[in-house]
Amino acid sequence: MAEHSPPANATEKRASRVRWLLLAPALLVLLFAASGPLLITLVYSVLTPGDYGGVIWQPSGDAWFNVILQRDIFDDTLSWSDAHLSIFWRSVKLSLMTTVGCIIFGFPTAYFIATRPKKQRDLWMLLIIIPFWTNILIRTFAVVELIRNEGTINTVLMWSGIIDAPIQMLFTEFSILVGMIYVYLPLMVLPLYASMERLDFSLVEAGYDLYATRMQVLKRIILPLVKPGVIAGSILVFVPSLGAYVTPRVMGGGNQLMIGNLIELQFGQGRNWPLGAALSITLLAIVMVALMAYVRTAGKEGPGHG
Amino acid sequence: MTAAISVRNLRKVYPGTPDVVALADASIDIQDNEFFTLLGPSGCGKTTLLRMIAGFEHPTSGTLTMHGEDLSDLPPYKRPVNTVFQSYALFPHMTVAQNIGFGLEMLGKPKAEIKQTVDEMMELVKMTEMADRQTGQISGGQQQRVALARALAPRPRVLLLDEPLSALDFKLRKDMQLELKRLQMETGITFIFVTHDQEEALTMSDRIAVMSAGTIRQIGGPRDIYDHPAERFVADFIGDTNFVPAEVATHKGTDADVTLSSGKVVTARMPEGEQMQGKVTLAVRPEHANISTEAEGLLPGTLSEVVYFGTDTHYHVALDDGTGFVVRRQNRPDETSGFSTGDRIGVQFAPGVGQVLRD
Amino acid sequence: MAKRFDIQRMPGFKTIAAVTFVLLYMPIFLLVIYSFNAGTSIAIWEGFSWRWYVSAWDNQQVQDATVRSLIIAFWASAISTTLAVLAALATTRTPKFKGQSAVFAMINQPLMVPEIVTAVALLIFFAMIKVATGYTGLLYLIIAHTAFCIPFAYLPIRARLTGMDLALEQAAADLYAPPFRVFTRITLPQLWPGILAGAMLAFVISLDDVVITEFVKSAGQDTLPTYMLGQLRRVVTPEVNAISTVLLGISVTMVVAFTALSKLKT
């Protein structure tokens, strides 16, 4: 109904005016406190850092240069910025491991829920959704209490005499991984469940009927059918993992940084806002590439907006 | 007399790739007090046309007038027409009485008048006891009556009905068909009725417009449309039909002498204003034909199958020209055709029964 | 005798699912249990007591942070829900239009852009405004929260609107109700579960936010989550557990109510 060959008539003009009037307040707020600031961040990434934070309005490409490279203070030679690269590498590595971990725990769980009687499924899903909507800080903190040196696990192990000194679990890459799997697991189960619930089990029956074993049915019938769910879940877990801030901050204790913490550092002790801005844009770009790759694969199955 | 609704060259295109033409070029005049039916398969444009009259859709081109007044720029709430929706669209958060009174309330009628009209309407559709029920608590047939009463309450000049009976079961549908016809006579309101059910159309309508693929194929009274379909689509869509190849020998007005494949000549009916020559197709209704001995018949063939249907019997004939023909004969207790499968027989029909179809 | 063949069974899946549910809830249960610990440890149980709830209640900083959290969550959810209703009407009740995908992208931006990036962007932008105007009040936090709450309020409201039978609104228009009365008499009475659901979701999201608040807040503007984040660096007492438990309680209540509301039939 939008575009006719003759110019839009009065009714459509009115509809268009009403539409933009209704949209205006929301779009203004979003422009002011979401889209607009992103553009300013882009501008900041090509300015010169001020001595005490902030910027000097002088164009400079240093921030972008410093994202992955560094110049030696003494002889000006170029080299890879090992500190940044190792943080990028850790972010990507931990995010991938988190994704795999979430699949390992999430796939059987989603399958379990999808094979419950219809009436029970919503209740089981509620158990997944509740943690999803509870404070990420509280959930991270709950894990911290479990694994810290004075925490439940170490206390129990020492009390029972299995160990003499607490095992250092907190403030390691391992603890970040545990925390992120814990925090992002619901994001994996939700889309997996959605695709498994639609699974037609007569196809599974047909598979067994045609002499497939359980593993063959899983590999040749179930997995291909729920693949969209696995992809969606992986993206939903990978993207926030990559930009994680709270979990690595609490779990990593300041020495196991991820990109999010590196960005924060530039606005705190680092006092290099342009570098922080450039790192933010870099992170955003990586996330957007991942999201677009997802839309490409999922888009074929229908309009994506929900 | 000006028409109640006059549709001129109405066209509706939904842009897209490719564009979807919902209505190609429709022109109709619907008279006052008429029960007019738009009949056609789904996607033929009948609902689009109805929704344009209601004001829910806007024509791409063409004009739409009511008693000579242009409707184009009037929003739905300013058009003196009301709609009975296919889904009934009863407001779930209101009672039966509130639903029926809604239109009058919006028109700003005084409370007493609203109450009186609502009471009348509930009486009219026999829903008086249900006045305070929620719409979710009444049956499908009752919802149908409420939807009807709600649309009638503001006394519209034209009532639009969008397949209102399609959700009802067979028995209820039959009752409602008569009920609707009665209401239309009693109220004297013009009804425009949309359906894909040919039988419904034939029983209720004063006139029918048969539509397909966004085009109006034929307009006429039920009998006219059934007995004299103007083209193959209409003949095929309404009732069962035999298509018989023939060749026009001579014609005068709507009478044409045609030669059949057997060489015999019979008088058939030509659509008004047509001057067709050469090869044509005749439509012959199964119940308008009969079987006889090979010598007596117009078309010779072999009786291939006899199917008993209770009220009538179908005789499937394999004609010598290679086509098939079905004859339907009503069963009588004291009578049999005397033919059985494999017999050589002839198919017969009276002069004027065959209808020449437009290409 | 061999067990009957179960079509749906996959070896080990049930076990892993059980382990998952246990692991998912055990930390939360422990967190809640130790909030009632009489001792100062978060691992050694010394008996039941309300002392940490009392101590949190008496803590001036906690009180201030709670009030601040509630003020922000109230305004952010109220404003974002109102804006979301208008936007949802615009995107579901008018024909498709040019720029529709750009509008969707803008509304959903807070869901797609990593929170840390939005946080940094707001820090930069608001720092400019703070310098220019000298104003450092709560408004920054309210506006920031409103923006990222919009998609959360928008989605359930939009879902409700698209689930509604359009014929109802057309029937009202057909019965002489002009657009605004169609909205107040037909749309709104059926939309309210969606609106309530959206508002509650927005409220929880605002109440729970850590990252954006941490970057946008001026000195002395801690909300409960940022206060807790600050506390985690120190020796932790069950007081943090007590605060967490209260926040958890609010979230769980809201989520359960939200789920119930979204299931209400149109």
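No experiment lies behind these values; they were computed from the predicted model shown.

(A) Summary view of the overall build of chain C. Helices and strands together make up the secondary structure of chain C, namely 11 helices and zero strands. Mapped from its N terminus to its C terminus, chain C presents α and β elements in the order α-α-α-α-α-α-α-α-α-α-α. Over its C-alpha atoms chain C spans a radius of gyration of 23 Å, topping by over 25% the 18 Å that the globule rule assigns to 266 residues. In terms of its C-alpha atoms, chain C occupies a principal-axis envelope of roughly 80 × 70 × 30 Å. A buried classification covers 59% of the 266 residues belonging to chain C.

(B) Local environment of the sheet that holds strand β2 (residues 20-30) of chain B. All names here are of chain B. Taken together, the four strands give an open sheet; going across it, the order is β2-β1-β4-β5, and neighbouring strands pair in antiparallel fashion. In this open sheet, the two edge strands, each paired with only one partner strand, are β2 and β5 (69-70). One ladder, built from five bridges, connects strand β1 (residues 5-14) with strand β4 (residues 61-66); its direction is antiparallel. Bridging from a neighbouring strand, Ser6 pairs with Thr65 of β4. Helix α1 (residues 46-54) contacts β1, β2 and β4 of the sheet and is inclined by roughly 115 degrees relative to β1.

(C) Local environment of the environment of B:Asp70. All names here are of chain B. Mapped onto the elements of the fold, Asp70 is located in strand β5. Setting aside residues up to four positions removed in sequence, Asp70 forms contacts with Leu64 and Thr65. Polar side-chain contacts of Asp70 include one of 2.9 Å to the side chain of Ser72.

(D) Quick peek at empty space enclosed by the protein. All names here are of chain B. In this structure the tally under the stated criterion is four cavities of 30 Å³ or more. The volume enclosed by the largest cavity comes to roughly 50 Å³. Contributing to the lining of the largest cavity are Leu50, Arg51, Ala54, Phe56, Thr83, Phe85 and Asp162. It is α1 that provides the largest number of residues to the lining of the largest cavity, a total of three residues.

(E) Geometry of the pattern of salt bridges. All names here are of chain B. Tallying each qualifying case throughout the model produces 28 salt bridges over all chains. The residue Lys115 makes a salt bridge to Asp119 at a minimum N-O spacing of 3.0 Å. Pair noted here: Lys115 and Asp119 are both in helix α3 (residues 111-124), with a separation of four residues, about one helical turn. Overall, the relative accessible area of 33% leaves Asp119 in the partly exposed class. The shortest N-O distance in the salt bridge between Glu179 and Arg145 comes to 3.6 Å. Of the two residues, Glu179 is situated in helix α5 (residues 170-187) and Arg145 in helix α4 (residues 140-152); the sequence distance between them amounts to 34 residues. Pair check on accessibility: Glu179 and Arg145 agree, each one buried. One continuous salt-bridge network, built from bridges that share partners, spans Lys126, Arg145, Glu179, Arg182 and Glu186.

(F) Examining the layout of surface pockets more closely. By volume, the second largest pocket amounts to about 1600 Å³. Together, 44 residues line the second largest pocket, and C:Thr92, C:Arg93, C:Thr94, C:Pro95 and C:Glu169 are the ones closest to its centre. Those elements that provide at least two residues to the lining of the second largest pocket are α1 (10-44) of chain A together with α3 (60-92), α4 (100-112), α6 (139-163), α7 (166-174) and α8 (179-208) of chain C. A per-element tally of the lining of the second largest pocket places α1(A) first, with six residues. Counted by class, the lining of the second largest pocket contains 25 nonpolar, 11 polar and eight charged residues.

(G) Spatial organisation of the interface of chain A and chain C. At the interface, 87 residues of chain A touch 92 residues of chain C. Carbon and sulfur atoms supply 79% of the area buried between chain A and chain C, which totals about 8100 Å² over both sides. For the pair chain A and chain C, the interface holds one salt bridge. One salt bridge connects C:Glu214 with A:Arg249, and the closest N-O pair in it is separated by 3.5 Å. Taken together, the connections running from chain A to chain C amount to 12 residue pairs in polar contact (both at pLDDT 80 or more). With 20 residues, the single largest contributor to the side of chain A that touches chain C is α1(A). Taken together, the residues that form the side of chain A that touches chain C break down as 62 nonpolar, 14 polar and 11 charged.

Definitions and limits used
Residues numbered from 1 in each chain as written. Chains lettered and ligands numbered in written order. Predicted model: local features only at pLDDT ≥ 70, side-chain atom pairs only at ≥ 80, totals over all residues. Heavy atoms only, no water. Helix = DSSP H or I, 4+ residues; strand = E, 2+ residues; numbered from the N terminus. Rg over C-alpha atoms; globule rule 2.2 N^0.38 Å. Buried < 20%, exposed > 50% of the residue type's maximum accessible area, 1.4 Å probe, protein only. Pairing = 2+ DSSP bridges. Contact = heavy atoms within 4.5 Å. Axes fitted to C-alpha atoms, helices over the stretch in contact; angles between N-to-C directions. Polar contact = N/O pair within 3.5 Å; in protein donor to acceptor, adjacent residues only side chain to side chain. 1 Å grid on protein atoms, 1.4 Å probe; cavity = no way out; pocket = protein on both sides within 12 Å on 5 of 7 lines; lining within 4 Å. Points joined across faces, edges and corners; volume = space filled by probe spheres on them. Salt bridge = Lys/Arg side-chain N within 4 Å of Asp/Glu carboxyl O. Nonpolar A, V, L, I, M, F, W, Y, C, P; charged D, E, K, R; others polar. Buried area = accessible area lost by both parts, 1.4 Å probe.

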